[in-house]
Each structure stands twice: as structure tokens, then as C-alpha cells.
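Chain and residue survey
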Amino acid sequence: MASSMGGMFPGQQPPGPHPPAGVPGPLAGPPGSRAPNSTLVDDLEASFEACFASLVSQDYVNGTDQEEIRTGVDQCIQKFLDVARQTECFFLQKRLQLSVQKPEQVEKEDISELRNELQRKDMLIQKHLTKLHHWQQVLEDISVQHKKPTELPQGPLAFLEQASANLPAPVKPN
């Protein structure tokens, strides 16, 4: 797989036909946008660092022109997004090459992803079943507590009869 990542890392050329010298390849950005020995990963890292640097730069902290600050930050973010799109394009091209050259590998990855998703959903179902059993038990406990008072005698004097049953018997004086 390392050989299929050609052009992504220093010192490697992408496999297949190479464009003539001076003609940008499909992954190259606008002319002059990349250093001669830099890679997409280097460019992505540099543009990401530039985004943060532009936010904490002393020029921007001490600057008073908010429009200038906004423009500088927007340019850094736009460059980062452009390089991120180029990187995504690179990986999509490699994925396309892999699907053409080794379609069984793509199917294996899809099957693996589906198995992981099924396992995740089974765990979620078990979690919900556990909660369901817990709440069913709570409801049973509540219904049992409500049934106990109905087993006591009913009637207008039932409460007094129950209360008097709990009183100690009167002591007879001798």
C-alpha cells in the first residue's frame, strides 16, 4: 500500500504516466502554489498552522483595521480548505485505483464496516432492553405497592379499624 501512496510523501512519484516537466499533475494546485519538494501533507500541515498563526499573530493583536484582519484570516482558511480538497481528491483517486485493481478488497472493507455497524446496533439494542427491563420492574413494584392497600378492609370505618388494630390494648387498672 505504501507504493500506492506515491506523490503523497517526500521522494515518491505517483505511479503511472507522469506529466512532462513544467506541466502540473492532476493533484497540483495553481502554478506556484506548492514548493518543489513539498507534498500535500506538508501543505496541509503548513496551511493549518498558518490558520492558527494568523489568529494569534501580534500583527493582528495590535492591528486596528478589523477588515484587514478578517481578510487575512479568510485567506488562510481558504488556502487550508483548498489544500484539504486536494488531499481528499488524492485519497479518492487512490480509492478508485484500488477498487479497479482489487475489487475484492473494497468488498472486504464494506463487509467489515457492515459487521461493525451490526455489532454497534446489537449493543444499542441490549442497552435499551436493559433499560426496558429496569423500568418494567419499577412499574411492577409500583403496582404491587398500590395493590396492598386494596387488600385491607373497605368501608367508611376501615381506616379507623386499621389504626385501632395497631394500638396497644388498654391496660385495666387493678
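Residues numbered from 1 in each chain as written. Predicted model: local features only at pLDDT ≥ 70, side-chain atom pairs only at ≥ 80, totals over all residues. Heavy atoms only, no water.

An unreviewed UniProt entry lists the chain under the name Mediator of RNA polymerase II transcription subunit 28, with Electrophorus electricus as the source organism. In its Subcellular location (unreviewed entry) section, the UniProt entry covering the chain states "Nucleus". (UniProt positions renumbered as here; feature names shortened; annotations may be inferred.)

Attention now moves to helix α1 (residues 40-56). Helix length check: α1 (17 residues) gives 25 Å between terminal C-alpha atoms against 24 Å at 1.5 Å per residue, within 8%. Among all positions in α1, only Leu40, Asp43, Ser47, Cys51 and Ser54 are buried. In a view along the axis of α1, the buried residues occupy a sector of 85°, so they form one face of it. (Helix = DSSP H or I, 4+ residues; strand = E, 2+ residues; numbered from the N terminus. Expected span 1.5 Å × (residues − 1). Buried < 20%, exposed > 50% of the residue type's maximum accessible area, 1.4 Å probe, protein only. Arc of directions from axis to C-beta.)

Together, Phe48, Phe52, Leu55 and Val56 make up an exposed nonpolar region whose accessible area comes to about 430 Å². As for its position among the elements, phenylalanine 48 is in helix α1. (Patch = residues over 30% accessible without salt bridge, like charges linked within 9 Å, V, L, I, M, F, W, Y side chains within 5 Å. Areas by Shrake-Rupley, 256 points an atom, 1.4 Å probe, with all protein chains shown as cover. Salt bridge = Lys/Arg side-chain N within 4 Å of Asp/Glu carboxyl O.)

Bringing the packing of aromatic side chains into the picture now. A full pass over the atoms with the stated rule returns 3 aromatic pairs. Here the aromatic rings of phenylalanine 48 and phenylalanine 52 are separated by 5.0 Å at their centres, their planes lie at 80°, and the arrangement is edge-to-face. Of the two residues, phenylalanine 48 and phenylalanine 52 both sit in helix α1, 4 residues apart, roughly one turn of that helix. On the basis of relative accessibility, which here comes to 43%, the residue phenylalanine 48 falls in the partly exposed class. Given the relative accessible area of 48%, phenylalanine 52 is considered partly exposed. An angle of 45° between the planes, with centres 5.6 Å apart, marks the rings of phenylalanine 48 and phenylalanine 80 as tilted. In this pair, phenylalanine 48 is assigned in helix α1 and phenylalanine 80 in helix α3 (residues 66-101), connecting sequence segments 32 residues apart. Among the aromatic residues, those joined into a cluster by ring pairs are Phe48, Phe52 and Phe80. (Phe/Tyr/Trp six-rings, centres within 6.5 Å; stacked < 30°, edge-to-face > 60°.)

Among the surface-exposed residues, Asp65, Glu67, Glu68 and Asp74 lie close enough to one another that they form a single negatively charged patch. Position of aspartate 65 relative to the elements: it lies in the loop between α2 (58-62) and α3. Take aspartate 65: its relative accessible area is 39%, and that puts it in the partly exposed class. (Lys, Arg positive; Asp, Glu negative; His and termini not counted. Charge placed at Lys NZ, Arg CZ, Asp CG, Glu CD.)

Here we take up the packing of α1 against α3. For the pair α1 and α3, interaxial distance at closest approach is 9 Å and the crossing angle is 160°. For the element pair α1 / α3, the angle class is roughly antiparallel. Crossing of α1 over α3 shows left-handed handedness. Contacts from Leu40, Asp43, Leu44, Ser47, Phe48, Ala50, Cys51, Ser54 and Leu55 in α1 reach Val73, Cys76, Ile77, Lys79, Phe80, Val83, Ala84, Gln86, Thr87 and Phe90 in α3. A class-by-class count of the residues in the contact of α1 with α3 yields 13 nonpolar, 4 polar and 2 charged. (Axes fitted to C-alpha atoms, helices over the stretch in contact; angles between N-to-C directions. Parallel < 35°, antiparallel > 145°, perpendicular 65-115°, else oblique. Left-handed = near helix turned anticlockwise from the far one by under 90°. Contact = heavy atoms within 4.5 Å. Nonpolar A, V, L, I, M, F, W, Y, C, P; charged D, E, K, R; others polar.)

A few words on the pattern of salt bridges. What the rule picks out here adds up to 3 salt bridges. With a shortest N-O distance of 2.3 Å, arginine 95 and glutamate 109 are connected by a salt bridge. Of this pair, arginine 95 sits in helix α3 while glutamate 109 sits in helix α4 (residues 103-150); the two residues are 14 residues apart in sequence, bridging distant segments of the chain. Since its relative accessible area comes to 33%, arginine 95 is described here as partly exposed. For glutamate 109, a relative accessible area of 26% translates into the label partly exposed. Note that glutamate 117 and lysine 121 form a salt bridge whose closest N and O atoms lie 3.1 Å from each other. Pair noted here: glutamate 117 and lysine 121 are both in helix α4, with a separation of 4 residues, about one helical turn. On the basis of relative accessible area, glutamate 117 is assigned to the partly exposed category, the value being 34%.

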